[in-house]
Amino acid sequence: MKAPLPEMRVSRRNILQAGGMGMLGFGLSHLRALGSPQTGLGKAKSVILIFNGGAPSHIDLWDPKPDAPSEIRGEFKTIKTSVPGTHITELLPQMAKRMHKLALIRSVHHGHSSHNGGMHWATVGRPYRVDSTLITPSPTDIPGVGTLCGWLAQRDGFSKGVPPYVITPFPHCDSKVYLTPGQFGGCLGNRYDPFVLDDDPNAASFRVRNMALDSSLTPTRFQERLALLNHMSAAARPITSPQTAQIDIFNEQATSMLQTGKAADAFDLSKEPDKVRERYGRHSWGQSHLLARRLIESGTRFVTTVNGPSITWDTHKDNFNGLKNRLVPPMEQAYAALLDDLEERGLLESTLVVWMGEFGRTPKINNDAGRDHWPGCYSVLLAGGGVRGGQVIGSSDATGAYPKDRPISPSDIHASIYAALGYDYREIEYRSADGRPVPLTDGVMIPELF
């Protein structure tokens, strides 16, 4: 464990008043943990998770079954990719050209078929206590992979002037009433909550507030106010408790952010040329992917782009028209632009890009020309961050219903993310709400990836 940070005597309320800013969605603290970053396997410095809320059909995208009966095969033809022998569906021509950069896993599975239950298992790597959509976050939740990556960064002294973990544009949810458990700080505490944009970055009026000094304050005046507050606090009787220590660390991070203005700059998409914004697509998904690149470039450790809001990919009805005309084109445009942009900027090798949904969809097409929920088998893609592209790991059976070989769990995906970041996930623990040690993940790294 690292030594605690020096005590500061400026209260959280004072610092917010001094800076003229509102509440920030994250803070810094150190919790009890074992282990430290390793330097062997990992090449990644950051992670971008592209999450298709609602769950896209693996059979109609990444794992086609051209020899299956029509009620399973569906409407789309297969196309060749840049990797000989690997085929995907005709909906993904841009990704077919880039398949040599991707590792495609076709045998991921878990056991929850509700949206929030499935999203919890996919992002936390463990089943929620009930398989239900009607669940919401609580202070006792086991945190997900993005939250834990942000926690690890803060544990190790993260001080980049930007949030360590950001979700854009909206949180994981079945609806705004039922937010997915595990995406917030949970048992780690709300100081480890991600910064959730909760806004459309493609909107003409888009602007993230409370990321810089109030316009009435100059840096000099802000320093003067801090000095005055420190002087006043020094005369007061100090209060020593875990809560005040957490507030002090929060204040240190808030002060740094206000002074540097780095976060405000990272969130300002108007600084991007129009041609770059058009390249990603002038829609919420495209601008969220562009924002992810800007945040990673500024030092954010983990960004999740939720291709929602809510369960947009839930194609129980009219699956084929929905995928072809509404869902896949903006997703593929944003995904391809992100990979290319990261590579051109020399960031792909240090940025792990993961694509997933909460589960797949039923092999058999239903009476509404749709596919229903199916956690028995689905696909996940990874690129960058030291991952070896141009390979398919695992396979599904003849109908895409279950893994045929090399079954892989979401926790194995998470273990691979931690390994790519250089953490020895086998040696790191955190504490649950009742004080029990919890391993970072129950999964095992997928060695073929590296």
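Residues numbered from 1 in each chain as written. Predicted model: local features only at pLDDT ≥ 70, side-chain atom pairs only at ≥ 80, totals over all residues. Heavy atoms only, no water.

1. Overview of the sheet that holds strand β11 (residues 378–383)
Strands pair in a sheet through their backbones, by hydrogen bonds, and they do so in one of two ways: parallel or antiparallel.
Then comes step 1: Strand order in the open sheet made by the eight strands is β6-β5-β7-β1-β8-β11-β4-β12, with mixed pairing throughout. The open sheet has two edge strands, β6 (195–196) and β12 (391–393), and neither has a second partner.
Then comes step 2: Here strand β5 (residues 165–168) runs beside β6; their pairing, made up of two bridges, is parallel. Looking across to β6, one finds that Ile167 is bridged to Val196.
Then comes step 3: On the sheet, helix α11 (residues 319–344) packs against β1 (46–52), β4 (102–108), β8 (351–357) and β11 and is oriented at approximately 165° with respect to β8. (Pairing = 2+ DSSP bridges. Helix = DSSP H or I, 4+ residues; strand = E, 2+ residues; numbered from the N terminus. Contact = heavy atoms within 4.5 Å. Axes fitted to C-alpha atoms, helices over the stretch in contact; angles between N-to-C directions.)

2. Thoughts on the packing of aromatic side chains
Then comes step 1: One pass over the structure, following the stated rule, counts seven aromatic pairs.
Then comes step 2: Arranged with centres 5.3 Å apart and planes meeting at 50°, the rings of Phe195 and Phe267 form a pair that is tilted. Of the two residues, Phe195 is situated in strand β6 and Phe267 in the loop between α8 (262–266) and α9 (274–280); the sequence distance between them amounts to 72 residues. Each member of the pair Phe195 and Phe267 is classed as buried.
Then comes step 3: The ring of Tyr425 has Arg426 lying over it, and the distance from NZ or CZ to the ring centre is 6.0 Å. (Phe/Tyr/Trp six-rings, centres within 6.5 Å; stacked < 30°, edge-to-face > 60°. Buried < 20%, exposed > 50% of the residue type's maximum accessible area, 1.4 Å probe, protein only. Lys NZ or Arg CZ within 6 Å of the ring centre and 35° of its normal.)

3. Examining unusual backbone geometry
Then comes step 1: Each neighbour pair has its own omega, and for Thr168 with Pro169 the value is -5°, a cis peptide bond.
Then comes step 2: Along the chain, Pro169 turns up in the loop between β5 and β6.
Then comes step 3: Phi is positive for Asp198, which is not a glycine, with a value near 55°.
Then comes step 4: Within the secondary structure, Asp198 is located in the loop between β6 and α6 (219–234).
Then comes step 5: For Asp318, which is not glycine, the phi dihedral falls at a positive 50°.
Then comes step 6: Along the chain, the position of Asp318 falls in the loop between β7 (302–306) and α11.

4. Things to note about the pattern of salt bridges
Then comes step 1: Applying the stated criterion to the full structure yields 23 salt bridges.
Then comes step 2: A salt bridge links Arg155 to Asp156; the nearest nitrogen and oxygen atoms lie 3.0 Å apart.
Then comes step 3: Salt-bridge contacts for Asp265 lead to Arg294; the nearest nitrogen and oxygen are separated by 3.9 Å. You can see Asp265 sitting in helix α8 and its partner Arg294 sitting in helix α10 (residues 284–298), a full 29 residues away along the chain.
Then comes step 4: The class for Asp265 is partly exposed, based on a relative accessible area of 34%.
Then comes step 5: Classification of Arg294 as buried rests on a relative accessible area of 9%.
Then comes step 6: Each of Asp265, Lys271, Glu272, Arg293, Arg294, Glu297, Asp341 and Arg345 takes part in a single network of salt bridges with overlapping partners. (Salt bridge = Lys/Arg side-chain N within 4 Å of Asp/Glu carboxyl O.)

5. Focus: the packing of helix α5 (residues 145–155) against helix α12 (residues 410–420)
Then comes step 1: Where α5 meets α12, the axes come as close as 11 Å, and the angle between the chain directions of the two elements is 25°. Here α5 lies roughly parallel to α12, going by the angle between them. Seen from above, α5 lies across α12 with right-handed handedness. Residues Val145, Leu148, Cys149 and Leu152 of α5 form the contact with α12, whose participating residues are His414, Ile417 and Tyr418. (Parallel < 35°, antiparallel > 145°, perpendicular 65-115°, else oblique. Left-handed = near helix turned anticlockwise from the far one by under 90°.)

6. Some words on the packing of α10 against α11
Then comes step 1: Close contact between α10 and α11 brings their axes to 9 Å; oriented N to C, the two are set at 20°. In terms of orientation, α10 and α11 fall into the roughly parallel class. When the axes of α10 and α11 are compared, the crossing they make is right-handed. Residues Trp285, Gly286, His289 and Arg293 of α10 form the contact with α11, whose own contacting residues are Leu327, Pro330, Met331, Ala334, Tyr335, Leu338, Asp341 and Leu342.

7. Remarks on the confidence of the model for the protein chain
Then comes step 1: When pLDDT is averaged along the protein chain, the result is 87; 80% of the residues meet or exceed 70.
Then comes step 2: Within the model, the stretch residues 1–40 combines pLDDT values under 50 with 116 contacts to residues more than four positions away or in other chains. (pLDDT = per-residue confidence, 0-100.)

8. Some points on the environment of Thr304
Then comes step 1: In this fold, Thr304 is placed in strand β7.
Then comes step 2: For Thr304, a relative accessible area of 0% translates into the label buried.
Then comes step 3: In the structure, Thr304 is positioned 49 residues away from Val353 in sequence and 9.9 Å away in space, judged by C-alpha atoms.
Then comes step 4: Leave out the neighbours within four places in its chain, and Thr304 touches Leu49, Phe51, Tyr165, Val166, Ile167, Thr168 and His172.
Then comes step 5: At a separation of 3.1 Å, a polar atom in the side chain of Thr304 contacts the side chain of Tyr165. (Polar contact = N/O pair within 3.5 Å; in protein donor to acceptor, adjacent residues only side chain to side chain.)

9. Some details on the pairing of β8
Then comes step 1: Most of β8 is tucked away: seven of the seven residues are buried.
Then comes step 2: Side-chain alternation along β8 places Thr351, Val353, Trp355 and Gly357 on one buried face and Leu352, Val354 and Met356 on a second face that is also buried.
Then comes step 3: Note that β1 and β8 share seven bridges and pair parallel. When the sheet's bridge partners are listed, Val47 is paired in β8 with Leu352.
Then comes step 4: Looking at chain direction, β8 and β11 are connected through three bridges and run antiparallel. Following the sheet pairing, Val354 is matched in β11 by Leu382.

10. A closer look at the pairing of β1
Then comes step 1: Of all seven residues making up β1, seven are buried, and the element is well covered by its neighbours.
Then comes step 2: Residues Ser46, Ile48, Ile50 and Asn52 line one face of β1 and the alternating positions Val47, Leu49 and Phe51 line the opposite face, and both faces are buried.
Then comes step 3: Both β1 and β7 contribute to a ladder of five bridges, which runs parallel. Bridging across to β7, Ile50 finds its partner in Thr305.

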